[in-house]
Amino acid sequence: TTRLGKDVVDFEDVSYNTPDSQVILDDLTWRLGPGDRVGLIGANGVGKTTLVRLLTGQLQAASGRIKIGKTVKFATLSQDVHELDSHANERIFDLIKREKTTFVVGKKEVGTGQLLEQLGFDQQQLQTPIKDLSGGQRRRLQLLRLLFQEPNVLILDEPTNDLDTDMLAAIEDLLDSWPGTLIVVSHDRHFLDAVCTHISDIDFVKMNQYSGNYTFWYESSQLALKQRSDQNKKADEKRKDLQDFIARFSANVAKSRQATARKKMLEKLNVDEIEPSSRK
């Protein structure tokens, strides 16, 4: 088994400025451990893409330290559906056969055909040339090819584009059994709820990190805002509100990874650790 150490990614006081000195990220601290499923959220233009490029070495920080685990192997699903254009005249079957025949998911080895079927490619579609694929089919094929590279850190940039509900559910199930670290840049709250164990919120050149999925982040932020305004409310009453909130969310965790992450979080969480987001 490949060991990534305690931290897969460790950003310490990292800042990044544009060439014209606009501050994009300032004194950012960000740590990811093996198996973390992180939703990277924030309004358009706040620096999510910049953060990913710093992570993969495409950009250099203005200051601070970025440490990547020695055995980390990145793979990135970009929004560019034209990445497959160089294979335009090949059939799906020929492309995949050349790359992989079996694939390890968790501790189980499965055949490529099984994965293709899970992602919605039947026998007839396997004979389709790449140039004739829809946007959604291209996205699914791109994801499959990335998994064939056997990365241990997978970065998904708006992965739900062009995908219908059934395919989203299939990808959610596939990712739940995939053992690596996942970073998802997305505005799709339902997908973030389904796959994430943590949320990293970029807001006004800073980052706040939360345990739990998107809805947990949102509602815990609202609770923190309410508790901050309840100046006269006693600490034990606030603690009771927090316990009720946690109990409600704990009962609704379906995915095994989320359940494990949530259990660890609940053992340590207290009122003061929940911070409201300044973003609307």
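This write-up is about the structure you can find in this document. (Residues numbered from 1 in each chain as written. Predicted model: local features only at pLDDT ≥ 70, side-chain atom pairs only at ≥ 80, totals over all residues. Heavy atoms only, no water.)

Let's shift gears to the sheet that holds strand S2 (residues 23-32). If you walk across this open sheet you meet the 3 strands as S2-S1-S4, and the pairing is antiparallel. The open sheet has two free edges, formed respectively by S2 and strand S4 (63-68), since each of these has just one partner strand. Adjacent strand axes in the sheet meet at a mean angle of 20°, parallel and antiparallel pairs treated alike. (Pairing = 2+ DSSP bridges. Helix = DSSP H or I, 4+ residues; strand = E, 2+ residues; numbered from the N terminus. Axes fitted to C-alpha atoms, helices over the stretch in contact; angles between N-to-C directions.)

Of note, the phi angle at Glu-150 is positive, near 55°, even though the residue is not glycine. The residue Glu-150 is located in the loop between helix H4 (135-148) and strand S8 (153-157) in this model. Note on Glu-150: relative accessible area 47%, which makes it partly exposed. (Buried < 20%, exposed > 50% of the residue type's maximum accessible area, 1.4 Å probe, protein only.)

The subject of this paragraph is the packing of aromatic side chains. The relative placement of two aromatic rings is captured by the distance of their centres and the angle of their planes. A full pass over the atoms with the stated rule returns 4 aromatic pairs. Consider the rings of Tyr-210 and Trp-217, whose centres lie 6.3 Å apart with planes at 75°: the pair is edge-to-face. Overall, Tyr-210 belongs to the buried group, its relative accessible area being 9%. Ring centres of Tyr-214 and Trp-217 lie 5.0 Å apart, and the angle between their planes is 55°; this geometry places the pair in the tilted category. Within this pair, Tyr-214 and its partner Trp-217 are both found in helix H7 (residues 214-229), separated by 3 residues, close to a single helical turn. Owing to a relative accessible area of 18%, Tyr-214 belongs among the buried residues under this scheme. Under the relative-accessibility criterion, Trp-217 is labelled buried at 4%. (Phe/Tyr/Trp six-rings, centres within 6.5 Å; stacked < 30°, edge-to-face > 60°.)

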